[in-house]
Amino acid sequence: MAKSVFLNLFLPMLLLRAGVRSEVIFHFENLCSETLYRASKPSIGDLEPDLPRYAYEIFNMDDHYSGSIWVRTGCSTNASNYFSCETGDCGNGIMECADLNPSLPVTLLNFIVSAPIVSYEVSLVHGQNIMVRIQPNGGTLMDGSGPCPMVECNKELSSVCPLKCLALNKAGIYVGCYSPCDAFKEPKYCCNGQGCQQDEYSLKYKGLCPSAHTYAGDPQPPTYHCKGADSYDITFCPAID
Ligand SMILES: *[C@@H]1O[C@H](CO)[C@@H](O)[C@H](O)[C@H]1NC(C)=O
């Protein structure tokens, strides 16, 4: 496991997690109003769960990886030391939950890393529990079509989330929005051999988050394959622009 060094500078707090410098650097930044707890499937070598509010972490990404990162929100530890979260929970009672499936809905950050090439996307295929942006710093697309673009979902889906897709916490407060496939479990909302098509709900999700994948099989935008980026900024709750 990585050794953590917490450097309290000004804001944002800089987290340096020592390790072998790799070719692919992620900058995790948490601009949300709470500590987020990251998880991944499959697990990522040195990734530690906690990302405090206003933390900025420089992270050496594994050189080879194919999988998803998500965050858990609304987390707490109860009197019997059982850790749980309102969204993205793993059901195991502890802070680490690599390799487990999250409870839905979760915003997924999907990566295929084969250093120095990184493929990346923001996916709403299993709904949304956080707003996020992936911004490559430099780099060019493998197909030669230009610089590596930013992708994000920086709008909360609450305003377009159908009643049956609302995820509420115990107090009845909105904490996320399920995908139509996960909420309705009907073939027409899922990419299961009967075609993969935009539906009336994913159309609305798309309207808010055009650079995110909003249903299984969503062709737009293409998954970007980026080479030569200095780093990738992964920002949770990016400032509204
Ligand atoms: C803490 O949560 C766990 C899992 O829900 C539960 O089994 C346990 O009874 C809880 N402890 C207390 C003190 O509420």
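Right, let's walk through the structure included here. From a predicted model like this one, the values you see are computed outputs, not experimental measurements.

Quick word on the packing of aromatic side chains
Throughout the structure, instances matching the rule amount to 10 aromatic pairs. Here tyrosine 37 and phenylalanine 83 contribute two aromatic rings whose centre-to-centre distance is 5.0 Å and whose plane-to-plane angle is 70°, an arrangement assigned as edge-to-face. Residue tyrosine 37 is found in strand β4 (residues 36-41), and its partner phenylalanine 83 is found in strand β9 (residues 83-84); the two are separated by 46 residues along the sequence. Stacked on the ring of phenylalanine 28, the Lys or Arg arginine 38 has its end atom at 4.6 Å from the ring centre.

Re the pattern of salt bridges
When charged atoms on two side chains of opposite charge get close, those side chains can pair. One pass over the full model with this rule turns up 3 salt bridges. Of the charged contacts, one joins lysine 206 and aspartate 218 as a salt bridge, the two residues approaching to 2.8 Å between their closest N and O atoms. Within this pair, whereas lysine 206 is found in helix α2 (residues 200-208), its partner aspartate 218 is found in the loop between α2 and β16 (224-236), the two being separated by 12 residues in sequence. Both residues of the pair, lysine 206 and aspartate 218, count as buried.

Remarks on unusual backbone geometry
Between leucine 104 and proline 105 the backbone carries a cis peptide bond, its omega angle lying at 5°. With respect to the helices and strands, proline 105 occurs in the loop between β9 and β10 (108-114). Unlike most non-glycine residues, tyrosine 54 shows phi in positive territory, near 65°. Position of tyrosine 54 relative to the elements: it lies in the loop between β5 (50-51) and β6 (55-60). The phi torsion at asparagine 81 lies on the positive side, around 65°, for a residue other than glycine. Mapped onto the fold, asparagine 81 is located in the loop between β8 (76-77) and β9.

Description of the state of the cysteines
According to the stated counting rule, one finds 8 disulfides in the structure shown. With a sulfur-sulfur separation of 2.0 Å, cysteine 32 is cross-linked through a disulfide to cysteine 237. Disulfide cysteine 32-cysteine 237: torsion about the S-S bond near 95°, hence right-handed. Note that cysteine 32 is positioned in the loop between β3 (25-30) and β4 and cysteine 237 in the segment after β16, a separation of 205 residues in sequence. Linked covalently through their sulfurs, cysteine 191 and cysteine 196 form a disulfide whose S-S length is 1.7 Å. Of note, the bridge from cysteine 191 to cysteine 196 carries an S-S torsion of about 60° and is right-handed in sense. Classification of cysteine 191 by relative accessible area gives partly exposed; the value is 34%. Here cysteine 196 falls in the partly exposed class, since its relative accessible area comes to 34%. Free cysteine: cysteine 165, not disulfide-bonded; nearest cysteine sulfur from cysteine 161 at 5.1 Å. Assessed through its relative accessible area of 0%, cysteine 165 is described here as buried.

What counts as what
Residues numbered from 1 in each chain as written. Predicted model: local features only at pLDDT ≥ 70, side-chain atom pairs only at ≥ 80, totals over all residues. Heavy atoms only, no water. Phe/Tyr/Trp six-rings, centres within 6.5 Å; stacked < 30°, edge-to-face > 60°. Helix = DSSP H or I, 4+ residues; strand = E, 2+ residues; numbered from the N terminus. Lys NZ or Arg CZ within 6 Å of the ring centre and 35° of its normal. Salt bridge = Lys/Arg side-chain N within 4 Å of Asp/Glu carboxyl O. Buried < 20%, exposed > 50% of the residue type's maximum accessible area, 1.4 Å probe, protein only. Disulfide = S-S within 2.5 Å.

No statement about biological role is implied by the geometric values presented.
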